Amino acid sequence: DDETGRSLFSGSLGQIYYLQDREVQLIQGEPPANDWGSEIAGELIFAPTERMGLRSSVVWDPYTDNMNAGFFEARYETDYGGIFNLGYSYRRPLTVVNTEALTEEASVSSYLPLDNNWSIFGAMSYSVEDNISVEDMVGVEYDSCCWLVRLVQLRYYNNVSGEVPDFSNPDLERENTIQFQFVLKGMGGFGNRITNIMQDMIRGFDG
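What you see is a predicted model; the values in this text were computed from it and never measured.

Basis of the calculations
- Residues numbered from 1 in each chain as written.
- Predicted model: local features only at pLDDT ≥ 70, side-chain atom pairs only at ≥ 80, totals over all residues.
- Heavy atoms only, no water.
- Helix = DSSP H or I, 4+ residues; strand = E, 2+ residues; numbered from the N terminus.
- Buried < 20%, exposed > 50% of the residue type's maximum accessible area, 1.4 Å probe, protein only.
- Contact = heavy atoms within 4.5 Å.
- Areas by Shrake-Rupley, 256 points an atom, 1.4 Å probe, with all protein chains shown as cover.
- Salt bridge = Lys/Arg side-chain N within 4 Å of Asp/Glu carboxyl O.
- Phe/Tyr/Trp six-rings, centres within 6.5 Å; stacked < 30°, edge-to-face > 60°.
- Lys NZ or Arg CZ within 6 Å of the ring centre and 35° of its normal.
- Pairing = 2+ DSSP bridges.
- Patch = residues over 30% accessible without salt bridge, like charges linked within 9 Å, V, L, I, M, F, W, Y side chains within 5 Å.
- Lys, Arg positive; Asp, Glu negative; His and termini not counted.
- Charge placed at Lys NZ, Arg CZ, Asp CG, Glu CD.
- Polar contact = N/O pair within 3.5 Å; in protein donor to acceptor, adjacent residues only side chain to side chain.

**Structural notes on the overall build of the chain**
No. 1: Across its full length, the chain carries one helix and eleven strands.
No. 2: Helices and strands in the chain line up, N terminus first, as β-β-β-β-β-β-β-β-β-β-β-α.
No. 3: Burial statistics for the chain: of 207 residues in total, 25% are counted as buried.
No. 4: Across the chain, contacts joining residues at least 24 apart in sequence account for 39% of those joining residues at least 6 apart.
No. 5: When the accessible surface of the chain is split by element, carbon and sulfur atoms take 54% of a total near 13600 Å².

Below, the structure written as structure tokens:
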């Protein structure tokens, strides 16, 4: 932007070129990999205004003609501090070790001030393949001049961290928790885990 210097559009495209075969493999006994290059990764970011932004990225394998990963997100921020996010992500299993399940998820999140003191917020990650919410959050916040209170309900599946839940597993449990956070401004507070969860699930929220 000529007036503010703010970046309106950016793009990147990258690929690794190998000068020799890779002899070290993830699976023992596999022959050396002789592909001349890696997957191709690209990203586009478009922010026509300070309040609106679009971001998209893809990872494409030119040897199998597969789209191994994709991501899209739309963001909008209001003049009064509201945040609205809409996203989609796709990831294909790793072709070398073949241990990760395909994931295709849609996500939505929002932080919405109602007046000078009250705000509501929520977020959800939804599995497109299994037609089920993987993780969702809803909460309310009261913010005064001297203190802040948040009350949050979380629902999520209790599985090993980093693994994709197996929804066909009868032993898979959905956890329901209610959490509380109280902050005395200028003196810190307790229950900071809620702030961290909100920052993870609501892109653009700074606590």
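**Focus: the pattern of salt bridges**
No. 1: Counted according to the given criterion, the structure contains seven salt bridges.
No. 2: Arg-55 serves as the salt-bridge partner of Glu-43, at 3.0 Å between the closest nitrogen and oxygen. Of this pair, Glu-43 sits in strand 2 (residues 40-46) while Arg-55 sits in strand 3 (residues 52-61), placing them twelve residues apart in sequence.
No. 3: Glu-43 gets classed as partly exposed once you look at its relative accessible area, which sits at 23%.
No. 4: Residues Glu-141 and Arg-150 are paired through a salt bridge, measuring 2.6 Å at the closest nitrogen-oxygen approach.
No. 5: Since its relative accessible area comes to 2%, Glu-141 is described here as buried.
No. 6: The network of salt bridges with shared partners includes Asp-136, Arg-155 and Arg-174.

**Let's talk about the packing of aromatic side chains**
No. 1: On inspection of all chains with the given rule, the structure shows seven aromatic pairs.
No. 2: Centre to centre, the rings of Tyr-17 and Trp-36 are 5.5 Å apart; their planes meet at 25°, and the pair counts as stacked. On the criterion of sequence distance, the pair formed by Tyr-17 in the loop between strand 1 (9-14) and strand 2 and Trp-36 in the loop between strand 1 and strand 2 is long-range, its members being 19 residues apart.
No. 3: Centroid distance Tyr-142 to Trp-147: 5.3 Å. Interplanar angle 40°. Geometry classified as tilted.
No. 4: Through a chain of ring-to-ring contacts, three or more aromatic side chains come together here, namely Trp-118, Tyr-142, Trp-147 and Phe-182.
No. 5: Here the guanidinium or amino end of Arg-22 rests over the ring plane of Tyr-18, the centre of that ring lying 3.7 Å away.

**Let's talk about the pairing of strand 2**
No. 1: In the sheet, strand 1 pairs with strand 2 via six bridges, with the strands oriented antiparallel. By the bridge assignment, Gly-11 is partnered in strand 2 with Leu-44.
No. 2: Pairing between strand 2 and strand 3: seven bridges, direction antiparallel. Residue Ile-40 lies in a different strand from strand 3, and its bridge partner there is Trp-60.

**As for a negative patch on the surface**
No. 1: Together, Asp-1, Asp-2, Glu-3 and Glu-50 make up a region of like negative charge exposed at the surface.
No. 2: If you trace the backbone, Asp-1 turns up in the segment before strand 1.
No. 3: Classification of Asp-1 as partly exposed rests on a relative accessible area of 37%.

**Points about the side chain of Gln-181**
No. 1: You can see Gln-181 is positioned in strand 10 (residues 174-184).
No. 2: The class for Gln-181 is buried, based on a relative accessible area of 1%.
No. 3: Among the polar contacts listed, one links the side chain of Gln-181 to the side chain of Arg-150, at a separation of 2.7 Å.
No. 4: Polar side-chain contacts of Gln-181 include one of 2.8 Å to the side chain of Thr-195.

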